[in-house]
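Observations on the model geometry
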Amino acid sequence: MSPRAPKTAPEEIVLSIGGVVAHLELTGAQPVFMEQLRARYGAFEMPAAPWVQRDISLRLTLESAAPPRAAGRRAAIDAHPLAVTATGRTIAAERWDFSVKVTAEAGRAPHTSYRGSGRCEMNPFAIDCMLRVLYATVLPRVGGMLIHSCGLRHAEVGVVFPGRSGAGKSTLARKSLDADDVLSDELVAVRRGDDGTWRVHGSPFWGDFARGGISMRSWPLRTLAFLAQAPRDAVTMTPIVSSDATLRLLGCFLSFATDRATVERNLAVAVQLCAEVRSVEASLTKNVPTADIFRKLQPHLGPEVTRKVPPASAREMISEFRSLLRKHKSYAFKPKGSSMRPWLKSGDSLFIQSAPEAGLAAGDILLYWSPGATPDEDALTCHRMVGRIPTHTAHASRYLTKGDAMSRIETFENGRECEILGKVAAVSRDGKTWPVPGRIGNLARLFGSLVAIPILRMAGR
Amino acid sequence: MSAAMAGRWRRDGELPFQKLDEETIVVDPKRREVHLLNETAARIWELLASPQSVDDLTAALGAEYDVGEAELGEAIVECVEGLASKGLVVTAGAR
């Protein structure tokens, strides 16, 4: 009898797109495929902690992708076009390269979670199509939608330019002065925030621009600017009434299921959105500069477009911080709390440096994303690294950390329960900045605190 | 009035719709079409919740619109024909 091959644990990835959290458990995923997925969805990935409230939980068995020119491939594609059915509680989608089914389960009220399983070819296009279908079907059930559009951040607000294929969405994205302001050139998520206002979220679902949003951060949606072709190189913005806007929006509303309940739900969301958000027809050509577009759009954006508004949730704030850190390699952060006293004081600014795991050592002060159950329960934690223990998975380590003012040691698996964003490189206090002491100095502080805290506690009894 | 218009009509009960201020949006998922009905068409759509002949519609709308009966009847026939051509209304016996 031959020895049984060791079972490998399924890979996990948790995405938050438009505030909808999807947990994918991928059985049979090759490391190179996971790298592909993380390259595409990394900006929308969050730690896969089991306590994070999930809207979609999908167990997916990955199968080897058939070569595009394999015998019978064309016939299989023709015989199994995309088919989506959405009955009251169940969403099923299948195509030649995937088949999934999820069913709604009542969660912590008013939360509903869709749980299910399926199979999918180990092919990024198959996964992407499946995710688009699931998000397009689930988002309207939580009062949102995926809109075929180019979404742009402008100052502190968001503008959505809906348009069908060929309307100029990718061209508009390419003309953006800062590519990081592009939320997507293909599909953006729009939904009402907790404060009742509409917000636009970036997505990893891109078109010819070949990159999506850079973080989970959403922006107050100020205007729907429906793209139209101008007869000459000029730009005009013509206000349109909500009924006309609804009609146009429905043409750009990504929806796969055609059952009555789904269509009624989508229609209701579209009507609400167009009744509450300004709409214009943006008539322009590909040669019109972006600055001209926004100059003409300015009167239709409403007041205070430059007024800073905080992110909608702690999760969005942390995701945005991560994107800035990835972009600049180091970034300032002002911690709250007292767990690192006396080393850190209120009002200190920390300079965080992104650091690969191999570059982290005991004594370093880590900044990491500690997810909570809901987006507002997420936290950025800044604690000193005590040690690192390898885990059963080759690519993950278990970290031991501690606040200098605390006796308790915390432990987490990096990437799963928390995500290390970087380490503190320097501290700024009272106008002076000094680098964080070297490793030896940090270790001395660490051991000092480990010993000192229990003694102080005993003395206080 | 054409012979085809002589029967009773009702709106297709399968089609989702939403009333706006004065207009109504009707979605036809099978054809993947969306229709925006103006105020008059929206009112006819509303009346066609139950089977109605053109004469019924003319009588109902005659009390609401300040227009001659013949002119109103023609406008209603044109509207119902338009709705029927888009598959939004069906004869009362259908489906």
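Note that this is a predicted model, so its numbers are computed, not measured. (Residues numbered from 1 in each chain as written. Chains lettered and ligands numbered in written order. Predicted model: local features only at pLDDT ≥ 70, side-chain atom pairs only at ≥ 80, totals over all residues. Heavy atoms only, no water.)

Bringing a negative patch on the surface into the picture now. Among the surface-exposed residues, Asp194, Asp195, Asp376 and Glu377 of chain A lie close enough to one another that they form a single negatively charged patch. Along the polypeptide, Asp376 of chain A turns up in the loop between strand 19 (365-370) and strand 20 (379-390). (Patch = residues over 30% accessible without salt bridge, like charges linked within 9 Å, V, L, I, M, F, W, Y side chains within 5 Å. Areas by Shrake-Rupley, 256 points an atom, 1.4 Å probe, with all protein chains shown as cover. Salt bridge = Lys/Arg side-chain N within 4 Å of Asp/Glu carboxyl O. Lys, Arg positive; Asp, Glu negative; His and termini not counted. Charge placed at Lys NZ, Arg CZ, Asp CG, Glu CD. Helix = DSSP H or I, 4+ residues; strand = E, 2+ residues; numbered from the N terminus.)

Another aspect to go through is the pattern of salt bridges. All names here are of chain A. Here the structure, examined in full by the defined rule, presents 35 salt bridges over all chains. Here Asp78 makes a salt bridge to Arg74, at a shortest N to O gap of 3.2 Å. Here Asp78 pairs with Arg74, and both are found in helix 2 (residues 73-79), just 4 residues apart, close to one helical turn. Residue class for Arg74 comes out exposed when judged on its relative accessible area of 56%. The salt bridge involving Asp128 is made with Arg132; its shortest N-O contact spans 2.9 Å. One end of the pair is Asp128 and the other is Arg132, both in helix 3 (residues 124-138) and 4 residues apart, which spans about a single turn. (Buried < 20%, exposed > 50% of the residue type's maximum accessible area, 1.4 Å probe, protein only.)

In this complex, chain B contributes 15 residues to the contact, which on the side of chain A involves 14 residues. Carbon and sulfur atoms make up 71% of the surface buried where chain B meets chain A, a total of about 1200 Å² over both sides. Remark: the boundary between chain B and chain A carries 0 salt bridges. For the pair chain B and chain A, the interface holds 3 residue pairs in polar contact (both at pLDDT 80 or more). Among the elements that take part in the side of chain B that touches chain A, strand 4 (residues 33-37) of chain B stands out by supplying 3 residues, more than any other. (Contact = heavy atoms within 4.5 Å. Buried area = accessible area lost by both parts, 1.4 Å probe. Polar contact = N/O pair within 3.5 Å; in protein donor to acceptor, adjacent residues only side chain to side chain.)

Another aspect to go through is the packing of aromatic side chains. Residue and element names in this part refer to chain A. All chains considered together, the criterion is met by 7 aromatic pairs over all chains. Grouping aromatic residues by their ring pairs yields a cluster made of Phe321, Tyr331 and Phe333. It is Arg40 that lies over the ring of Trp206; its NZ or CZ is 3.9 Å from the centre. (Phe/Tyr/Trp six-rings, centres within 6.5 Å; stacked < 30°, edge-to-face > 60°. Lys NZ or Arg CZ within 6 Å of the ring centre and 35° of its normal.)

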